[in-house]
Amino acid sequence: MSELTMTIGGQAAVTERTFGVRNPATGEVFAEAPDCTGEQLDAAMDAAAKAYRDWKADESARRQALRDAVGVLMGGLGELGPMLTAEQGKPLNDATLEVFGSAIWCTYYADLERPREIIQDDDEAFVEIVRRPLGVVAAITPWNFPLNLAFWKIAPALLAGNTMVLKPSSFTPLTTLRAGQLLQHVLPPGVLNVVSGGHELGAWMTSHPVPRKISFTGSIETGKKVAMAAAPDLKRTTLELGGNDPAIVLDDVDPATVADGLFGGAFANNGQVCSAIKRVYVPERIYDAVVEALATRAKAVRVGEGTDPESKLGPINNEPQYERVKMLVADALAHGARAVAGGRAMDRAGYFFEPTILADVSDGVRIVDEEQFGPALPVIAYRDLDDAVERANATHFGLAGSVWGADVDRATEIAGRLEAGTVWVNVHLALAPHQPFGGFKWSGIGVENGPWGLAGFTDIQTVHRSRTGTGLSPVTSMVIP
Ligand code: NAD
């Protein structure tokens, strides 16, 4: 695969230094990506600031550009999908769906109505709330859904009138770099700049004086650093961070049926989803049956290279994450857990790990208490439902959670007790562009998607037009002594 360039001010930007990108299915470097210099980052910020002057002025042009971006993405499916599989590891079908999903986000925002917010219209005044763009947005993304998560930011940020400097993860820079190149056909120069580099580049972006907003998706640990870097300049932040989502199974379910939903919610993208099911609480009475049904599915699922059309799960994306999953599973086994399926790395090149179901494990073991972000699922027995809810909530995480039960009203009532930004009933990972998504507690600040995500790329401006002539309004006269 040839070397991809960054895009700065509408131009291809090459660097002297590059870094290797590995194919997780082999562990081998298969491409080089540019390592952005400080001067180039300055140039990208400068280009974004200049482009902002015109871009913010014409909303209909922005909507049209997003519609045109849909055409670009759909036209690029055949190139972007395989590139994503090569750098991320996910099966080609899933990679293609991710490109498609990015187009869906552009479509949604291109057509999202923004109703006027008139809060007073009387003899005294006409008062309207207007959302103004912020300026340059620094956007930083992780490696699990590089393209989708970039478009969760690009589509609303650009629609709102902002311009952007975007940095993908150094594990998966290629698809984002290529999308950045392709989008230059439909965006004015400088509106979307894409740079690549390591963690240091992310840190430069967050402390750079130009951006007025940091839109960050990644780990809690890095999210805290981003919040600290943004604070001295009072930059706005949206932080989409890690999760340790609980699924609570109620006692009225059919074990085989619920296992299908649980397995899909836990092992999608090989468990590398911020809001995947990361621990399951099951009533003692049906514990063995649910564990057995999950194990059957884990043993049957086809794991392999993303380029193989038969593969349902690919490798773990990168070596540090692969080592972490190995360590967490080994730790659980050392603390008495039983691997009823999987439990080991696969004996082959690349970062493949057997889909793993861990039984006889409980809170207090690292794989239950921490985010594993990989293909290993602990299943925890409970006797008392209130206690299960309490244990599900006894964490700093609060991204999402789900409750599974035949009595949907009862399941919904339990779901409402979970301390999480999204709660699902009899489903998990139901995400959509119109549905806000964000975390409680350490799982994040702010939300993405829907009109609420769009609002996150704006500041409120109150436009108060007096109808009483000049001077103070009657209300103001009363409150100002
Ligand atoms: P990470 O925090 O290591 O890296 C994320 C991005 O931040 C990368 O682009 C990285 O280069 C950059 N970065 C690293 N150090 C930085 C710094 N000091 N300042 C600014 N940027 C910096 O996360 P990851 O390992 O790439 O992704 C996995 C994590 O992301 C998981 O915890 C997962 O749950 C989380 N995630 C959250 C969501 C969500 O929407 N809530 C979605 C996907 C992933």
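Residues numbered from 1 in each chain as written. Predicted model: local features only at pLDDT ≥ 70, side-chain atom pairs only at ≥ 80, totals over all residues. Heavy atoms only, no water.

Applying the stated criterion across every chain, the model contains 31 salt bridges. Between E98 and K90 there is a salt bridge, with the nearest N and O atoms lying 2.5 Å from each other. In this structure, the salt-bridge partner of K153 is E448, at a minimum N-O distance of 3.0 Å. Linking K153 in helix α5 (residues 146–160) with E448 in the loop between β19 (444–445) and α15 (450–455), this pair joins segments that are 295 residues apart in sequence. Of the residues examined, K153 reaches a relative accessible area of 0% and is grouped as buried. Salt bridges here are not isolated pairs; linked through shared partners, they connect E59, R63 and R114. (Salt bridge = Lys/Arg side-chain N within 4 Å of Asp/Glu carboxyl O. Helix = DSSP H or I, 4+ residues; strand = E, 2+ residues; numbered from the N terminus. Buried < 20%, exposed > 50% of the residue type's maximum accessible area, 1.4 Å probe, protein only.)

Here the focus is the sheet that holds strand β16 (residues 376–382). Backbone-to-backbone hydrogen bonds pair the strands of a sheet. The strands run either parallel or antiparallel. The mixed open sheet is built from seven strands, whose spatial order is β14-β15-β16-β13-β12-β17-β18. Each of the sheet's edge strands pairs with one partner strand only, and the pair in question is β14 (338–341) and β18 (422–425). The average undirected angle you get between the axes of adjacent strands in this sheet is 25°. In terms of strand pairing, strand β13 (residues 277–283) meets β16 through four bridges, oriented parallel. Looking at β16, one finds that V282 is bridged to A381. On top of the sheet, helix α9 (residues 255–267) reaches β12 (245–249), β13, β15 (356–359), β16 and β17 (400–404); it is set at about 155° to β13, its chief contact. (Pairing = 2+ DSSP bridges. Axes fitted to C-alpha atoms, helices over the stretch in contact; angles between N-to-C directions. Contact = heavy atoms within 4.5 Å.)

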